[in-house]
Amino acid sequence: MDIVLQILERREPAPRELVEILLDIQDECGHIPQVAMVLVAEHLQIPLIEVFRVASFYKAFALTPRGRHLITVCMGTACHVRGAPRMLDEVLGLLGVEPGQTTEDGLFTVECVNCLGACALGPVVVLDGEYHDHMTAAKLRKLVLAVRETEKEAPAHAEARVCR
Ligand code: FES
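Residues numbered from 1 in each chain as written. Predicted model: local features only at pLDDT ≥ 70, side-chain atom pairs only at ≥ 80, totals over all residues. Heavy atoms only, no water.

Here we take up the overall build of the protein. Assigned secondary structure in the protein consists of seven helices and four strands. For the protein, the N- to C-terminal ordering of α and β elements is α-α-α-α-β-α-α-β-β-β-α. Expressed as a percentage of the 164 residues in the protein, the buried residues total 41%. Expressed as a percentage of contacts within the protein between residues at least 6 apart in sequence, the contacts between residues at least 24 apart total 62%. By element, 54% of the accessible surface of the protein is carried by carbon and sulfur atoms, the whole surface being about 9300 Å². In the protein, which carries 16 positive and 23 negative side-chain charges, the distance between the mean positions of the two groups comes to 6 Å. (Helix = DSSP H or I, 4+ residues; strand = E, 2+ residues; numbered from the N terminus. Buried < 20%, exposed > 50% of the residue type's maximum accessible area, 1.4 Å probe, protein only. Contact = heavy atoms within 4.5 Å. Areas by Shrake-Rupley, 256 points an atom, 1.4 Å probe, with all protein chains shown as cover. Lys, Arg positive; Asp, Glu negative; His and termini not counted. Charge placed at Lys NZ, Arg CZ, Asp CG, Glu CD.)

Printed below as a string of structure tokens:
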């Protein structure tokens, strides 16, 4: 948890820092480990349950490790009527996971959200923070396979983030 301790050293021990600290931990670790929540609660001198409440409330935070690539499929109404369910089925079948799960090789996590704020461009998928509009199941499949190919060619950059 050295990285978490370094994050805490940079932040004031004030409860108002909670979300910023959790964002830093999410960035560095790819999720919010339980032990990190304990350290944050001690640093801010707030109940652990408060840290857990915030960490579990916001979609930006994951309580379990995510894959190196995060695929977010919008299942909001506008995207839903334009084919989002077909896209979701395609990517889940391709990767062999359920929504919220990570592939066994740790490469991909698939998540669903209710709206990404780009309804006119739907269906929308976000891959590693990049928005892809007017998506189809075929386009999404191609995109995921391209990422998988890239990972095969350049495994060096595919090291998992580890928080110690
Ligand atoms: S419903 Fe998909 S972006 Fe709004």
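Now that the structure has been shown, the text picks up again.
Its twelve residues give helix H2 (residues 18–29) an end-to-end C-alpha distance of 16 Å, which sits within 8% of 16 Å, the value for a rise of 1.5 Å per residue. Buried within H2 we find Leu 18, Ile 21, Leu 22, Asp 24, Ile 25, Gln 26 and Cys 29. Buried positions along H2 lie against helix H1 (2–10), helix H3 (34–44) and helix H4 (48–57). Count one or two residues on from H2 and you reach Gly 30, which has phi positive near 85°. (Expected span 1.5 Å × (residues − 1).)

In this section: the pattern of salt bridges. Summed over all chains, the structure comprises eight salt bridges. The partner of Glu 20 in a salt bridge is Arg 11, with the nearest N and O atoms 3.9 Å apart. On the accessibility criterion, Glu 20 (37% relative accessible area) is partly exposed. Put simply, Glu 50 and Arg 53 hold a salt bridge, and the shortest N to O gap is 3.0 Å. Separated by three residues within a single helix, Glu 50 and Arg 53 lie in helix H4, roughly one turn from each other. With a relative accessible area of 28%, Glu 50 lands in the partly exposed category. (Salt bridge = Lys/Arg side-chain N within 4 Å of Asp/Glu carboxyl O.)

Okay, the pairing of strand E1 (residues 69–74) next. Taken residue by residue, a regular strand's side chains alternate between the two faces of the sheet. In terms of burial, E1 is a largely internal element, five of the six residues being buried. Summarising the sheet, E1 and strand E2 (residues 108–113) pair through six bridges and their orientation is parallel. The partner of Thr 72 across the bridge, within E2, is Glu 111. Alignment of E1 against strand E3 (residues 125–127), held across three bridges, turns out to be antiparallel. Across the sheet, Val 73 pairs through a bridge with Val 125, a residue of E3. (Pairing = 2+ DSSP bridges.)

Ile 71, Val 73, Val 91, Leu 95, Val 110 and Val 144 are the most contacted members of the largest nonpolar core, which totals 24 residues. Of all the secondary structure elements, the ones that give two or more residues to this core are E1, helix H6 (84–95), E2, E3 and helix H7 (137–153). Of all the elements, H6 adds the most residues to this core, at seven residues. Residues Leu 8, Leu 18, Ile 21 and Ala 55 belong to the second largest nonpolar core, which totals 20 residues. (Core = buried A, V, L, I, M, F, W, Y, C linked by side-chain atoms within 4.5 Å.)

Let us look at the sheet that holds E3. Working definition: the strands of a sheet are paired by backbone hydrogen bonds and lie parallel or antiparallel to each other. Across the sheet, four strands lie side by side as E2-E1-E3-E4; this open sheet has mixed pairing. Two strands close off the open sheet at either side, each with one partner strand: E2 and strand E4 (130–132). When the angles between neighbouring strand axes are averaged without regard to direction, this sheet yields 20°. In this fold H6 packs onto E1, E2 and E3, with an angle of close to 150° to the strand it touches most, E1. (Axes fitted to C-alpha atoms, helices over the stretch in contact; angles between N-to-C directions.)

Worth remembering: the numbers are spatial, not functional.
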